[in-house]
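Survey of secondary and tertiary structure
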Amino acid sequence: MVSGHLLDSLSVVPHLPAGSLLDLGCGAGFPGLPIAIVDPERPVTLLDSNQKKTRFVQHAIAQLGLKNSQVVHQRVQHYLPQPRFDTVICRAYSALSDFVEQADSLLQPNGTLIAMKGQHPTAELASLPTGWQVTACEPVAVPDLNQPRHLLLLQRDQAITRP
């Protein structure tokens, strides 16, 4: 639990751009809750369509007294935040192309998507939607976790503008 979820979630912190964060498909709150705990000035929103999971995460936020966090129980296709987020992150959410397509409308025009992956996702990178580029692919070492981990940071191509 500690290395596989908590430390894995915290491994992204040094790579996070400044600003608001959306944890897309937050499940039980990873990586959003650990990030909110260690970065109390960062606004963190945790989104999931599963009501049982969002109730648990809401309870955890209340018990931990996190003032920088909120939970949204909604399907990603119906969620229209204003303003949009500076960073959208996912961990064990979906294929990279699905994540990019679903997170696109949730992200500021020059924001960053971060996908937490296991093995280097060579095949997934080949199917990256048009208009997106990988700005970094960082191998991550998680203490006591003997599994490969990679962080993919993505941004829209500069030539493509979004309203």
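Preceding this section is the structure that the text describes.
Let me sum up the structure you'll find in this document. (Residues numbered from 1 in each chain as written. Predicted model: local features only at pLDDT ≥ 70, side-chain atom pairs only at ≥ 80, totals over all residues. Heavy atoms only, no water.)

Things to note about the overall build of the protein chain
Per the secondary structure count, the protein chain includes five helices and seven strands. The linear arrangement of helices and strands in the protein chain, starting from the amino end, is α-β-α-β-α-β-β-α-β-α-β-β. Expected size for 163 residues packed as a compact globule is a radius of gyration near 15 Å; at 15 Å, the protein chain falls within 12% of this value. Considered along the principal axes of its C-alpha atoms, the protein chain spans approximately 45 × 40 × 25 Å. Split into buried and exposed, the 163 residues of the protein chain put 47% on the buried side. Of the contacts formed within the protein chain by residues at least 6 apart in sequence, a portion of 65% connects residues at least 24 apart. Roughly 8300 Å² of accessible area belongs to the protein chain as shown, and the carbon and sulfur atoms make up 52% of that amount. If you average the places of the 12 positive and of the 13 negative side-chain charges in the protein chain, the two averages end up 8 Å apart. (Helix = DSSP H or I, 4+ residues; strand = E, 2+ residues; numbered from the N terminus. Rg over C-alpha atoms; globule rule 2.2 N^0.38 Å. Buried < 20%, exposed > 50% of the residue type's maximum accessible area, 1.4 Å probe, protein only. Contact = heavy atoms within 4.5 Å. Areas by Shrake-Rupley, 256 points an atom, 1.4 Å probe, with all protein chains shown as cover. Lys, Arg positive; Asp, Glu negative; His and termini not counted. Charge placed at Lys NZ, Arg CZ, Asp CG, Glu CD.)

Looking at the sheet that holds strand 1 (residues 21-24)
Taken in spatial order, the seven strands of this open sheet run 3-2-1-4-5-7-6, and their pairing is mixed. The open sheet has two edge strands, strand 3 (69-73) and strand 6 (132-139), and neither has a second partner. When the angles between neighbouring strand axes are averaged without regard to direction, this sheet yields 20°. Relative to strand 2 (residues 44-48), strand 1 runs parallel, the two being bridged by four bridges. Note that in strand 2 the partner of Leu-21 across the bridge is Val-44. (Pairing = 2+ DSSP bridges. Axes fitted to C-alpha atoms, helices over the stretch in contact; angles between N-to-C directions.)

A word on the pattern of salt bridges
For the coordinates displayed, the defined rule picks out five salt bridges. The salt bridge partner of Asp-8 is Arg-149, with a shortest N-O separation of 2.8 Å. With Asp-8 in helix 1 (residues 2-10) and Arg-149 in the loop between strand 6 and strand 7 (150-156), this residue pair connects regions lying 141 residues apart in the sequence. Assigned by exposure class, Asp-8 and Arg-149 land together as buried. (Salt bridge = Lys/Arg side-chain N within 4 Å of Asp/Glu carboxyl O.)

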